[in-house]
Amino acid sequence: MCKQRVIIIGSGMGGLSCGVVLAKNGYQVTVLEQAAQPGGCLQCFSRRGARFETGMHFVGSARKGQTLDRLLQYLEIKQDILLSPLDTDGYDVVSLEGQRFRFANGREAFIKQMATYFPHQRHQLEQYFDIVQRVAQASALHSQTSPLRHQTSPLTTEYQLHSVNEVIDSIITDPLLANVLAGSLPLYAAQKDKTPFSTHAFIMDFYNQSAFRVVGGSDQIALSMVHTIERYDGKVLVGCQATKIVCDDRHATGVMVECGGMSLEGGEFLPCDYVISDAHPMRTLELIDSKLIRPAFRTRINSIPQTVGGFSVYLDFQDAAVPYQNYNFYGYSSPTPWGCEEYDDTSWPKGYLYMHFADYVPSPHTHPAYAKTGVIISYMQMQDVERWLGTQVGRRGEDYEEFKRQHAERLLAAVEQQFPGLRRHIRHYYTSTPLTYHDYTGAEAGGMYGVARDINTGVACRVPHRTKIPNVLQTGQNINSHGILGVIVGTIVTCSELLTAERIYLQILEANKG
């Protein structure tokens, strides 16, 4: 019996994890990646001997038996990566008005730590944390605590209709504490009165259980999945761009592909039984010329707002000069973390996220004494760099380089207010803008996390994993939610169309026996 053929467009976390799941289940998998290396947001890059992380800077819920740990075991990634734990007494540190607040792992430790800053809010902290846990655990897909279901629970639905700040403000009576609890919002580009509380709850619960950096960079995750796909007789083809999803009157018949920049009469046709796109949904629609996709659907997808982009400064430190920062630092120039995406030339940057990379560890489950590299990320809108749209990476001109230099220096100056003397320990630094992200990942407007979730638009901002073409599916951060757990959950939803969710759930249980 011939294997059913699946072509997956894009080799981000969603594309590769779909490839692993389907290859393990007997499908003939071919993953197409237009870039020179696989991984999407899992990519790392090297400059002058220093390695830098571009997307997945840390992961959560990866302690033995926790949700991500079980999924990494199922995807056969766990044995190929080394994780370095962040400080359990303060994996996240939020700085507001010059005061630092540490987020501890675990319910009791988190509440105890926060109550040292806000002793009069202990009861409110307990209420807040209970709601976070209830919302996160209400999703069988996220918690992996029962047979997988696609249906959204009533509790999750309720908190998809209320914004982060609305729910927090309804519980927390101290305005400063309310702002502290929202302080890690750059992890999901939250916007006031728009982003659903459910998104906040999933992220908070995910990292509160445990938090780790991937030693050597998250491209280790991508390489592991590539090797697993190949071990199950699949293929991952880099430098191969899908140029068209070919359809007849009923379904897709295959994909046109150009590899290595060479095109012969429009490229090569690869026939298949299913197509799964890990590309941004707008990029996916650009590949489809079929009456099965109605104009109204194209209009809706093309109208969905995107999350804000980011400006990054990658830091190469002098040897043994900067102690390793075993936590993530969120710095704000005002008393609130909200509204950092709204700025002008004089107010940027309003906030930033500063992290070190775990390039190596002296022994398992430890961290290095000194940092070799790090990154600072601040919001930046695509409109700031759109004058260079259409130019090539590395060839955008001196005015673009000057733009980046000026913004890098301003961001470094902001960080130095919290970390005096940091600048003199930087050997080299490198920068990226929303334009960089747009060109490398295909993200619309260079958005950090794809489409924006907004309580005011409801289902209009949802991207379905099914399309009107019955054998064309979508996966990735836009289908469910971003981040490694959100994307893997989206993978389960997408692959369940071919395998059933219960079958995948039982396989996860089997992979984690013992």
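Remember, predicted model here, so these are calculated numbers, not experimental data.

Undergrad: What is the right way to read the packing of helix H1 (residues 13–24) against helix H15 (residues 483–499) from this model?
TA: Pairs of packed helices are described in terms of their axes, by the angle between the two and the distance that separates them. Running from N to C, H1 and H15 cross one another at 45 degrees; their axes reach a closest spacing of 9 Å. By the criterion of interaxial angle, the relationship of H1 to H15 is oblique. For the element pair H1 and H15, the recorded crossing hand is right-handed. Only Ile-484, Val-487, Ile-488, Thr-491, Thr-494, Cys-495, Leu-498 and Leu-499 of H15 make contact with H1, whose side of the interface consists of Met-13, Gly-14, Ser-17, Cys-18, Val-21 and Leu-22.

Undergrad: Explain the sheet that holds strand E13 (residues 268–271) here, please?
TA: Strands belonging to one sheet form pairs held by backbone hydrogen bonds; the direction of such a pair is parallel or antiparallel. Strand order in the open sheet formed by 3 strands is E11-E12-E13, and the pairing between neighbours is antiparallel. The open sheet terminates on both sides in strands that have one partner only, identified here as strand E11 (240–247) and E13. Ignoring which end each strand starts from, the neighbouring axes of this sheet average 30 degrees apart. Pairing between E11 and strand E12 (residues 252–259): 7 bridges, direction antiparallel. Residue pairing across strands places Cys-247 opposite Ala-252, the latter belonging to E12.

Undergrad: In this structure, what is going on with the pairing of strand E7 (residues 92–96)? I would like to understand it.
TA: Among the 5 residues in E7, 5 count as buried, and that is most of the element. Here E7 shows no split at all, with Asp-92, Val-94 and Leu-96 on one side and Val-93 and Ser-95 on the other all buried. Bridging between E7 and strand E8 (residues 99–103) involves 5 bridges; their strand directions are antiparallel. What sits directly across from Leu-96, in E8, is Gln-99. The antiparallel hairpin formed by E7 and E8 contains 2 residues in its connecting segment, where Glu-97 sits at a positive phi of about 55 degrees. In this sheet, strand E16 (residues 328–332) lies alongside E7 in parallel orientation, the contact comprising 4 bridges. Looking at E16, one finds that Val-94 is bridged to Tyr-330.

Undergrad: Sorry if this is basic, but what is going on with unusual backbone geometry here?
TA: Residue Pro-349 follows Trp-348 across a cis peptide bond; omega there is -5 degrees. On the secondary structure map, Pro-349 appears in the loop between E16 and strand E17 (351–356). Its identity as a non-glycine residue notwithstanding, Asp-193 has a phi of 65 degrees, on the positive side. Mapped onto the elements, Asp-193 comes out in the loop between helix H8 (175–181) and helix H9 (197–209).

Undergrad: What's the story with the state of the cysteines in this structure? I'm lost.
TA: Disulfide: a covalent bond connecting the sulfur atoms of a pair of cysteines. Considering all chains together, one arrives at 1 disulfide under this definition. Between Cys-240 and Cys-259 runs a disulfide, and the two sulfur atoms are separated by 2.2 Å. Judged by the sign of its S-S torsion, about 115 degrees, the bond between Cys-240 and Cys-259 is right-handed. Of the two residues, Cys-240 is situated in strand E11 and Cys-259 in strand E12; the sequence distance between them amounts to 19 residues. Of all cysteine sulfurs, the one in Cys-272 lies closest to Cys-247, which takes part in no disulfide; the gap is 9.4 Å. In this structure Cys-247 comes out as partly exposed when scored by relative accessible area, which is 23%.

Undergrad: Would you mind going over the sheet that holds strand E20 (residues 472–474) with me for this structure?
TA: Taken in spatial order, the 5 strands make up an open sheet running E10-E2-E1-E14-E20, and their pairing is parallel. The sheet terminates laterally at strand E10 (235–238) and E20, the two strands that pair on one side only. Mean inter-strand twist for the sheet, computed between neighbouring axes without regard to direction, equals 20 degrees. Note: strand E1 (residues 5–9) against strand E2 (residues 28–33), 5 bridges, orientation parallel. When the bridges of E2 are listed, Arg-5 appears paired with Gln-28.

Undergrad: Explanation requested: the nonpolar core in the structure shown.
TA: Side chains that are nonpolar tend, in soluble globular proteins, to be buried together. Judged by nonpolar contacts, the single largest core of 104 residues is most densely connected at Met-13, Tyr-128, Phe-197, Ile-221 and Ile-484. Considering every element that reaches this core, the biggest residue donor is H15, with 9 residues. Residue contacts for Ile-221: discarding those within four places in its chain leaves Met-13, Leu-42, Met-56, Ile-77, Ile-81, Val-214 and Ile-484.

Here is what the cut-offs are and how they apply
Position numbers for residues start from 1 in each chain and track the written sequence from start to end. Local features in a predicted model are, by the rule used here, given only for residues with pLDDT of at least 70; side-chain atom pairs are given and counted only at 80 or more, and totals for whole chains, interfaces and linings are based on all residues. Here the side-chain values reflect all heavy atoms present in the structure, with hydrogen atoms and water set aside. Fitted lines through C-alpha atoms give the axes, limited to the stretch in contact for helices. The angle between two N-to-C directions lies from 0 to 180 degrees. A helix here means a DSSP run of H or I that spans at least four residues, while a strand means a run of E at least two residues long, and both kinds are numbered starting from the N terminus. Note on angle classes: values under 35 degrees are labelled roughly parallel, values over 145 roughly antiparallel, values of 65 to 115 roughly perpendicular, and the remainder oblique. By convention, the crossing between two helices is left-handed when the near helix turns anticlockwise from the far helix through less than a right angle, and right-handed when the turn is clockwise. Here a residue-residue contact requires only that any non-hydrogen atoms of the pair lie within 4.5 Å. Two strands make a pair as long as DSSP finds a minimum of two bridges between them. We call a residue buried when its accessible area falls under 20% of the maximum for its residue type, exposed when it is over 50%, and partly exposed in between, using a 1.4 Å probe and counting protein chains only. Throughout, a disulfide means two cysteine sulfur atoms within 2.5 Å of one another. Throughout, nonpolar core names a set of buried Ala, Val, Leu, Ile, Met, Phe, Trp, Tyr and Cys residues whose side chains join them through atoms within 4.5 Å.

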